[in-house]
Amino acid sequence: MAAGHAPTRAELVEKARDIYDDLDFGAVRRWLAEHPGRKAAGYLPVYVPREIIHACGLLPVGIHGGGDRLEIIRGDAFYQSYICHLPRSVIELAQSGRLDMLSAVLFPSTCDVIRNLSGMWKLLYPDAYVRYIDVPQTPDREAGADFWESELRRLVDDLGAVSGHHPTDADLRASVELYNQTRAMVRSLYAARRERPWDLPSEELYVLLRAGEMIPPEEFIQLAREYLAAVEAEPGRPRDNSRVVVVGAFCEQPPLGLIISIERAGCYVVDDDFLLGNRFLLRDVPLDGDPVRALAEAFVSNDQCTSVLYESDPLGKKRVMQERVAAAGADGIIFATPSFCDPALLDQPMLRSGAEKACIPCIAFKYAENTGQFQQFREQAGTFADSIKLWGAA
Amino acid sequence: MAEALKDRSMLLQKEMLARHFERLARAPETGEPVVYTFVPGNLTELIRSFDALPVLPEINALQSGMRKLSGDYIAEAERAGHSEDVCTYVKCDIGMMRSGNLGPGGLKLPKPDLLLLSYTGCYTFMKWFELLREEYDCPTVMFHVPYQGDGVLEPEHRSYMLRQLREQVIPALEKATGRKYDEDKLRHHLALSAKAEDDLVAVLQAGKNRPSPIDGYFGTVYYVGPIFSAFRGTEEGVEYYRTLRAEVEERAALGLGPITPDGPLEGERYRLVVEGPPNWTSFRDFWKMFSDEKAVVVASTYTKVGGTYDFGFRHDPSDPLGTLADYCSGCYTNLNLPSRIDMICRYIEEYQADGFLINSVKSCNSFSAGQLMILREVEKRTGIPGAFIESDLVDPRYFSAANIKNRLESYFQMIDARRLGKTA
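All values reported here derive from a predicted model rather than from experimental measurement. Per chain, the residues get numbers from 1 upward, laid out in the order the sequence is written. Lettering for chains starts from A, numbering for ligands starts from 1, and both go in the order in which the items are written. In view of the model being predicted, local features appear only for residues whose pLDDT reaches at least 70, and side-chain atom pairs are presented and counted only at 80 or more, with totals across whole chains, interfaces and linings using the full set of residues. Based on all heavy atoms of the structure, the side-chain values leave hydrogens and waters out of the count.

Trainee: Would you mind going over the overall build of chain A with me for this structure?
Mentor: The helix and strand tally for chain A stands at 14 helices and 8 strands. Taken against the 2.2 N^0.38 rule, which gives 21 Å for 394 residues, the C-alpha radius of gyration of chain A at 20 Å falls within 12% of a compact globule. Summarising its shape, the C-alpha atoms of chain A cover approximately 60 × 55 × 50 Å along the three principal directions. Per-residue accessibility, obtained with a 1.4 Å probe over protein chains only, is compared with the maximum for each type, and a residue is labelled buried under 20%, exposed over 50%, and partly exposed between these values. Burial statistics for chain A: of 394 residues in total, 64% are counted as buried. Any pair of residues with heavy atoms lying within 4.5 Å of one another is described as a contacting pair. For chain A, long-range pairs separated by at least 24 residues make up 74% of all intrachain contacts whose partners lie at least 6 apart in sequence. Between the averaged position of the 42 positive side-chain charges in chain A and that of its 57 negative side-chain charges there is a distance of 2 Å. Starting at the N terminus, helices and strands are each numbered in turn, a helix being any DSSP run of H or I of at least four residues and a strand any DSSP run of E of at least two. To get the radius of gyration, use the C-alpha atoms; to get the globule rule, take the number of residues to the power 0.38 and multiply by 2.2 Å. The charge count treats Lys and Arg as positive and Asp and Glu as negative. His and the chain ends do not count. A charged residue contributes its charge at one atom only: NZ of Lys, CZ of Arg, CG of Asp or CD of Glu.

Trainee: Is there a simple way to explain the interface of chain B and chain A in this structure?
Mentor: Frequently, the measure chosen for interface size is the accessible area removed from exposure when the parts meet. Each partner contributes to the interface: chain B provides 56 residues, whereas chain A provides 55 residues. Computed with a 1.4 Å rolling probe, the buried area is the accessible surface lost when two parts are put together, summed over both parts. Approximately 4,700 Å² of surface area, both sides summed, lies buried where chain B meets chain A, with 56% of it carried by carbon and sulfur atoms. Criterion for a salt bridge: a side-chain nitrogen of Lys or Arg within 4 Å of a carboxyl oxygen of Asp or Glu. Counting across the interface, chain B meets chain A through 11 salt bridges. With a closest N to O distance of 3.8 Å, Glu134 of chain B and Lys318 of chain A form a salt bridge. Here the residues of the side of chain B that touches chain A are counted per class, giving 20 nonpolar, 19 polar and 17 charged. Residues are grouped as follows: Ala, Val, Leu, Ile, Met, Phe, Trp, Tyr, Cys and Pro are nonpolar; Asp, Glu, Lys and Arg are charged; all remaining types, including Gly, are polar.

Trainee: Would you mind going over the side chain of Ser366 of chain B with me for this structure?
Mentor: Along the polypeptide, Ser366 of chain B turns up in helix H15 (residues 365–368). For Ser366 of chain B, the contacting residues outside a window of four places in its chain are Asp112, Arg115 and Asn116 of chain A together with Gly121, Cys122, Thr333 and Arg340 of chain B.

Trainee: I'm lost on the sheet that holds strand S3 (residues 114–119) of chain B in this one. Help?
Mentor: Pairing between sheet strands relies on hydrogen bonds along the backbone, with the strands arranged either parallel or antiparallel. All names here are of chain B. Two strands qualify as a pair provided that DSSP identifies no fewer than 2 bridges between them. Sheet architecture is open: 4 strands sit in the order S2-S1-S3-S4, paired in parallel fashion. A strand with exactly one partner marks an edge of an open sheet, and here the two such strands are strand S2 (53–55) and strand S4 (140–144). Between one strand axis and the next, the sheet turns through 25° on average, direction left out of account. Both strand S1 (residues 34–36) and S2 contribute to a ladder of 3 bridges, which runs parallel. Paired with Val34 across the two strands is Leu53, which belongs to S2. Lines fitted to the C-alpha atoms define the axes, with helices restricted to the stretch that makes contact. Angles between their N-to-C directions range from 0 to 180 degrees.

Trainee: Help me understand the pairing of strand S4 (residues 129–133) of chain A in this model?
Mentor: All names here are of chain A. Taking burial as the measure, the 5 residues of S4 include 5 buried ones, the bulk of the element. Residue alternation in S4 divides its side chains into two sets, Tyr129, Arg131 and Ile133 and Val130 and Tyr132, and both sets are buried. In terms of strand pairing, strand S3 (residues 102–108) meets S4 through 5 bridges, oriented parallel. Following the sheet pairing, Ala104 is matched in S4 by Tyr129. By convention, a crossover is right-handed whenever its connection, traced from the first strand over the helix to the second and viewed with the strands pointing away, goes clockwise. Following the backbone out of S3, through helix H5 (residues 112–124) and into the adjacent parallel S4, one traces a crossover that is right-handed.

Trainee: Would you mind going over the layout of surface pockets with me for this structure?
Mentor: Residues and elements named next belong to chain A. By volume, the second largest pocket is sized at about 710 Å³. Two kinds of site are reported from a 1 Å grid over the protein atoms alone, namely cavities, where a 1.4 Å probe fits but cannot get out, and pockets, open sets with protein on both sides within 12 Å along at least five of seven lines, and residues are called lining when an atom falls within 4 Å of a point. Every residue lining the second largest pocket is counted, 34 residues in all, and those nearest its centre are Asp271, Asp272, Leu282, Gln304 and Arg324. Within the residue set of the lining of the second largest pocket, elements represented by two or more residues are helix H7 (169–195), strand S6 (267–272), helix H12 (316–328), strand S7 (332–338) and helix H13 (342–357). In terms of residue count, the dominant contributor to the lining of the second largest pocket is H12 (7 residues). Grid points are joined across faces, edges and corners, and a volume is the space filled by probe spheres set on the points.

Trainee: Would you take a moment to explain the packing of aromatic side chains for this structure?
Mentor: Two measures describe an aromatic ring pair: the distance that separates the ring centres and the angle between the ring planes. Only the six-membered ring of Trp is used, alongside the rings of Phe and Tyr, when aromatic pairs are assigned; centres must lie within 6.5 Å, and planes under 30 degrees apart are stacked while those over 60 apart are edge-to-face, with the rest tilted. Per the counting criterion, the structure on display carries 41 aromatic pairs over all chains. Their ring planes at 85° and their centres at 4.7 Å tell us that Tyr240 of chain B and Tyr241 of chain B sit as a pair that is edge-to-face. By relative accessible area, Tyr240 of chain B is classed as buried at 0%. Pairing Tyr302 of chain B with Phe367 of chain B gives two aromatic rings, centres 6.3 Å apart and planes at 45°, and the pair type is tilted. Highlighted residues: Tyr302 of chain B in the loop between strand S8 (295–300) and helix H13 (320–329) and Phe367 of chain B in helix H15, separated in sequence by 65 residues. When sorted by exposure, Tyr302 of chain B lands in the same class as Phe367 of chain B, which is buried. Of note, Arg69 of chain A hangs over the ring of Tyr20 of chain A, and the distance from its end group to the ring centre comes to 4.1 Å. Put simply, a charge is over a ring when the Lys NZ or the Arg CZ is close to the ring centre, within 6 Å, and near the line of the ring normal, within 35 degrees. The side chain of Arg376 of chain B reaches across the aromatic face of Phe78 of chain A, ending 4.3 Å from its centre.

Trainee: What is the right way to read helix H1 (residues 8–30) of chain B from this model?
Mentor: Each α-helix winds once per 3.6 residues, and so residues spaced three or four apart point in a common direction. Residue and element names in this part refer to chain B. A helix is expected to reach a length of 1.5 Å times the quantity of its residues less one. Taking 1.5 Å of rise per residue, 23 residues should cover 33 Å, and H1 covers 31 Å from first to last C-alpha, within 8% of that figure. Each residue is assigned a bend, namely the angle between axes fitted to the seven residues that terminate at it and the seven residues that start at it. Considering bend angle alone, the principal kink of H1 is centred on Leu24 and spans about 30°; proline Pro28 follows within four residues of it. Ser9, Met10, Leu12, Gln13, Met16, His20, Phe21, Leu24 and Ala27 are the residues of H1 that are buried. At the C-terminal side of H1, Gly31 shows a positive phi close to 80°.

Trainee: Just checking my understanding: could you explain unusual backbone geometry for this structure?
Mentor: Across the chain, the bulk of peptide bonds are trans and the bulk of non-glycine residues have phi less than zero. Of note, the bond from Pro45 of chain A into Val46 of chain A is cis; its omega dihedral lies within 30 degrees of zero at 15°. Within the secondary structure, Val46 of chain A sits in the loop between strand S1 (39–43) and helix H3 (50–55). The omega torsion across Arg210 of chain B and Pro211 of chain B is -5°, close enough to zero to call that bond cis. Inspection of the secondary structure assignment puts Pro211 of chain B in the loop between helix H8 (183–205) and helix H9 (218–223). For Phe25 of chain A, which is not a glycine, the phi torsion comes out positive at approximately 55°. Its place among the elements puts Phe25 of chain A in the loop between helix H1 (9–21) and helix H2 (26–34). Classification of Phe25 of chain A by relative accessible area gives buried; the value is 5%.

Trainee: Looking at this structure, I do not really get the sheet that holds S1 of chain A. What am I missing?
Mentor: All names here are of chain A. A sheet is described by the order of its strands in space; here 4 strands give the open sequence S2-S1-S3-S4, paired in parallel fashion. Each of the sheet's edge strands pairs with one partner strand only, and the pair in question is strand S2 (58–62) and S4. Pairwise comparison of adjacent strand axes, ignoring direction, gives a mean angle of 20° for this sheet. Taken strand by strand, H5 contacts S3 and S4, and its axis lies near 150° from that of S3.

Trainee: Teacher, can you tell me more about the nonpolar core here?
Mentor: As used in this record, nonpolar core signifies buried Ala, Val, Leu, Ile, Met, Phe, Trp, Tyr and Cys residues forming a set joined through side-chain atoms within 4.5 Å. In terms of nonpolar packing, the biggest core is built from 277 residues, with Trp121, Leu189 and Ile334 of chain A together with Leu46, Tyr89, Phe290 and Phe356 of chain B touching the most fellow members. With residues near it in sequence (within four places) discarded, Phe290 of chain B still touches Phe218, Leu272, Ala295, Val297, Leu357, Leu408 and Phe412 of chain B. Ala328, Ala330, Ile333 and Leu351 of chain A belong to the second largest nonpolar core, which has 15 residues in total.

Trainee: Sorry if this is basic, but what is going on with the packing of helix H3 (residues 57–66) of chain B against helix H5 (residues 88–98) of chain B here?
Mentor: For any two helices packed against each other, one specifies the inter-axial angle together with the distance between the axes. Residue and element names in this part refer to chain B. The N-to-C vectors of H3 and H5 enclose an angle of 85°; their axes lie 9 Å apart at closest approach. Looking at the two axes, H3 sits roughly perpendicular to H5. Facing H3, whose interface residues are Pro57, Glu58, Asn60, Ala61, Leu62 and Ser64, H5 presents Tyr89, Cys92, Asp93 and Met96. Classifying every residue of the contact of H3 with H5 by side-chain character gives 6 nonpolar, 2 polar and 2 charged. Each angle gets one of four labels, with under 35 degrees taken as roughly parallel, over 145 as roughly antiparallel, 65 to 115 as roughly perpendicular, and the rest as oblique.

Trainee: Would you mind showing me how to read the state of the cysteines here?
Mentor: Two cysteines joined by a covalent bond between their sulfur atoms form a disulfide. Residue and element names in this part refer to chain A. Pairs of cysteine sulfur atoms within 2.5 Å are identified as disulfides in what follows. Within the structure shown, the criterion is met by 0 disulfides over all chains. Cys84 carries a free sulfur, and the closest cysteine sulfur to it, the one in Cys111, is 5.9 Å from it. No disulfide involves Cys359; its sulfur sits 10 Å from that of Cys362, the nearest cysteine.

Rendered as structure tokens:
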């Protein structure tokens, strides 16, 4: 990047892409080398309280598998063919030593596969701190907040022991504030793409967010700010694309080629589930009062409707697709779901029936993170975009 | 196929189930409230204390599998948009409901007055009752049982469960049934549970005998039926387990092997521990592949999904809600992988097994994810070679008899070879 000049959009995207492509986690290793004595903690999708990892002085690192860039040699020996691709790819990363810089790994309550992977990790890597993150599922907010607060306090103590730094309330509050800013930046990026999808291709937004899970949050905020400025300076040209919401890709991530294929087939992605943990909390966490309690209450009062949480409102699943489509000004929904993904696939009939009752056009397909052929997706998405254009307003 | 031989306890169980399903069929007329819930973490004593009748959808699904109906039910659900990749119990249940909701005895099952979502050890349970709620349009109460990620029931998790029982589950049951919570009545049911559990454990541990008078997998899925479903905490349940225990102790005293559908098994040759649920669509054929080789399963993990009584847990009437929380937390699929491996290794040692087999079912990630790691760890710790076969719960498309039989035969040959000292 040329010194003294505002970085161009291409430079920024290239920087993010380099971080995303690097399956040796060079950005994390560089940070550790530059910060002697500090440690890093990994987390799997979907949601973990990154504020606590950060407040304990650890670098939070998103573990999203190796996508289509990693040959699976050891990972397949751990899983049957009917289990999704993500865990075998995560195991491959770990068994090949690529995750050996992580002192702790958190496994959220996304599904039984990730849950059981936590136990496997305990056996495979007994020196690492491993914690299964069981978020509250009760609709009773007070009971849920009390439970979650106790889980978070346990995490503060444990990660503090891992890092050697037990955070003060001021540390925790500072991290909460920083992640409020991170989420606000993600919301800004999503809002900008929603308003001007021709200016912010999802391919670029995606690699930016992936990179953001491997660098300190302050660096991500700076990178995203520069990207938004570059987008303003280099506006794109609107096309007559259909606007779609991509649903179901919240855990195992699609290969970048799939996202590119959808957009090149004539669809603007104006909302999605990619890397959902980045924007799981929809509102700022209050900075007054006890920061751990504030995080706990923010979780239970959050309105995020996702497959990994119990939906207590009987109408919730029916309504959510209509609401998302309306909020994004979308024309239709693409259910893009990882094969063998219980949360996404079990939810899909409920979500799709709600959408179809509201006359929202939908298509569905399945992928794996290592899918290498995109022609069928391009054709499906292209036909879908055309059909919306031809008959959508009828 | 010849008529399966049945002993006294099996006939007793058959009568109990018939009465239960007749009562369920009459519930719309009699006004008896009906509560649907799941086997792991079932709160049967609490449900019974409200004079409500439990319905266990997994039991209905496996019964549909055994009666060769599940294939059509699954197809019905897949036509309605349910993925081929997900749990076949769920699809079988939804297909059954859409096909008239006829239960195991051919009688119509009533609609639930309440879906009691005991979220214990299985992610799919959450979605299953969200899906059923759409079908039945009835109230649902969530009871979140935290997973034993670190291998213990943490005190905060117990408090969380107790609070949900008091503040969510009991009020929901009161509302659904129109009856007040009666703790003495709950204690009464819990005391009956503990009696039956004592007898069940005696039956399970009879597998330590040589020869084993029980099959700890195929036979024991029948033995655990009443206690995993509607009969824990009932007089009928107590009577069933008293009868069963007497039968099993008599067989043990006489040095007899287990009863199989083709008659008593004599000349036990292989003693196995099995991990994972059975296949239900070809259950009898599957069992026969073992019994033909004189292979007896002396202990299994699947028969602990509804409670790990053989490790000491008993429902405790002196702490009625606390004991329900303890019970739920300890169900097999709520245990982490290291705990599961410890349990299997203990079984191999205490039951003097010479083989260890995993039946990995496509439908159930709660069991299946990590089973290849379990296999390696158990082999490493015990020195006992393991076998790995794949099938499904109730989807007949995923039971390949020839393939499974081949694998089993090879495995038994390997055990023979080891005995002869031909391999390391």
